[in-house]
Amino acid sequence: MDLEAVRTFVAVADTGQFQEAAAELSITQQAVSRRISVWEKDLGVRLFTRTPRGAELTIDGQALLPHARELLRVAERAVASVRAGRRPLRVDVIASRSAQSGLMRGFHRAHPEIELDVLMLFEIEAAVAAIRSGAIDVSFRAVAAPGQPLPEDIASVPVLDEPLQLLVGPAHALAGAKSVTLAQLVGHRIWMPGIVPGTEWGAYYDALVAEFGLSVEATGPNFGSDALLDTIADTPALATFMGEHSRLIWPAGHGLRRIPVTDPTPVYPHSLIWRRDNPHPALAALREYLDAQPSRPGGDTWKPAWAAQGSDRRRTGGARA
């Protein structure tokens, strides 16, 4: 449907004059007449009766007018939904209880005036494709994994190195420890059914296993965090890793323990990625907020060598920090 014809029809109906409608639309009177005539021909009805006083709506024109107004309102809302500064900032956080989600909750508290659309995509390829297409504005990811370089039009900055903790049940051999070293974990079964080959977190744990000789198992179906917590609580031989900032709640009877890992502390590298030419004004505010947050834990830490590559910001380093 020709929205210019709709707009012209509404202008004539409101002013009652072809000439006044032409002045309002900044076009000639002939152009107004032509648009109305073409639309009347397409619809097969007369919309106006020409009188000495101007133009009066016919019965068909009166029936059409409220729908024409609604069409223009819908068109305006459609444009506003994608106009930078007038639509929400669309953010991919991977998981609702993750550290990235916590960062975005903090940003929302600091900037309640900025509207947000928060969603969760699974793979980094899907996130990058959504950023490049404009479906989302930013995503939190571990970037530069082997074989997964970012396209040239995608920028990234590291925003958080999140320490991993060991989660064990009350009967686990390490349940009473105040902290454990990576060397002490050798020989213990660490169960993480959420690891998927080919993902950036899969590459992270592959590197951790290769460097420290750990046994990380991804066997069995992934029924979500609640099922994982139930199994860890009931199985003395199993432990799992979880991020220090992950917000997980379990029944008091589970008796689960979160134990810091040291010498070195493995940290998961969260980065923010976005399209370099993204004009959304809230993106600058988000980057400024994230830049002001503590990004690195103290002490001896570890992350894969590839996690320090491909960054656009100063927060970089080697595999061991």
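Here the structure is a predicted model, which means the values were calculated and not measured.

Peer 1: What should I look at first to understand the environment of alanine 78 in this one?
Peer 2: The residue alanine 78 is located in helix α4 (residues 59-82) in this model. For the pair alanine 78 and alanine 145, spaced 67 residues apart in the sequence, the C-alpha separation amounts to 38 Å.

Peer 1: What is the right way to look at the layout of surface pockets in this model?
Peer 2: In this approach the atoms are scanned with a rolling probe the size of a water molecule, which exposes any empty space left behind. By volume, the largest pocket amounts to about 1000 Å³. Along the walls of the largest pocket sit 32 residues, with Ile94, Ala95, Ser98, Gly194 and Ser246 positioned nearest its centre. Among the secondary structure elements, those contributing two or more residues to the lining of the largest pocket are α5 (99-110), β6 (154-168), α7 (200-212), α8 (225-234), β10 (238-243) and β12 (265-275). The dominant element in the lining of the largest pocket, judged by the number of residues it contributes, is β10, at four residues. Each residue belonging to the lining of the largest pocket can be placed in one class, and the counts come to 18 nonpolar, eleven polar and three charged.

Peer 1: It is not clear to me how the packing of helix α2 (residues 18-25) against helix α3 (residues 29-43) should be interpreted in this structure. Could you clarify?
Peer 2: The description of two packed helices rests on the angle between their axes and on the distance between the axes. Put simply, α2 and α3 touch, their axes get as near as 8 Å, and they point 105° apart. Taken as axis vectors, α2 and α3 run roughly perpendicular relative to one another. For the pair α2 and α3, contact is made by Phe18, Gln19, Ala21 and Ala22 and by Gln29, Val32, Ser33 and Ile36, respectively. For the contact of α2 with α3, the residue count by class is five nonpolar, three polar and no charged.

Peer 1: Would you take a moment to explain the side chain of threonine 8 for this structure?
Peer 2: Summarising the element assignment, threonine 8 is placed in helix α1 (residues 3-15). Residue classification places threonine 8 among the buried residues on the basis of a relative accessible area of 0%. Apart from the residues lying within four places of it in its own chain, the contact partners of threonine 8 are Leu25, Val32, Arg35 and Ile36.

Peer 1: Would you explain the nonpolar core in this entry?
Peer 2: A general trend in soluble globular proteins is that nonpolar side chains are found buried together. Membership of the largest hydrophobic core comes to 29 residues, with the highest contact counts inside it found for Leu166, Leu185, Tyr205, Phe241 and Trp306. In terms of residue count, the dominant contributor to this core is α7 (seven residues). Setting aside residues no more than four positions away along its own chain, leucine 166 makes contact with Leu174, Val180, Leu185, Ala239, Thr240, Phe241, Arg257, Arg258, Ile259 and Val261. Counting residues in hydrophobic clusters, the runner-up holds 22 residues, among them Leu89, Val93, Leu103 and Leu290.

Rules used throughout
- Residues numbered from 1 in each chain as written.
- Predicted model: local features only at pLDDT ≥ 70, side-chain atom pairs only at ≥ 80, totals over all residues.
- Heavy atoms only, no water.
- Helix = DSSP H or I, 4+ residues; strand = E, 2+ residues; numbered from the N terminus.
- 1 Å grid on protein atoms, 1.4 Å probe; cavity = no way out; pocket = protein on both sides within 12 Å on 5 of 7 lines; lining within 4 Å.
- Points joined across faces, edges and corners; volume = space filled by probe spheres on them.
- Nonpolar A, V, L, I, M, F, W, Y, C, P; charged D, E, K, R; others polar.
- Axes fitted to C-alpha atoms, helices over the stretch in contact; angles between N-to-C directions.
- Parallel < 35°, antiparallel > 145°, perpendicular 65-115°, else oblique.
- Contact = heavy atoms within 4.5 Å.
- Buried < 20%, exposed > 50% of the residue type's maximum accessible area, 1.4 Å probe, protein only.
- Core = buried A, V, L, I, M, F, W, Y, C linked by side-chain atoms within 4.5 Å.

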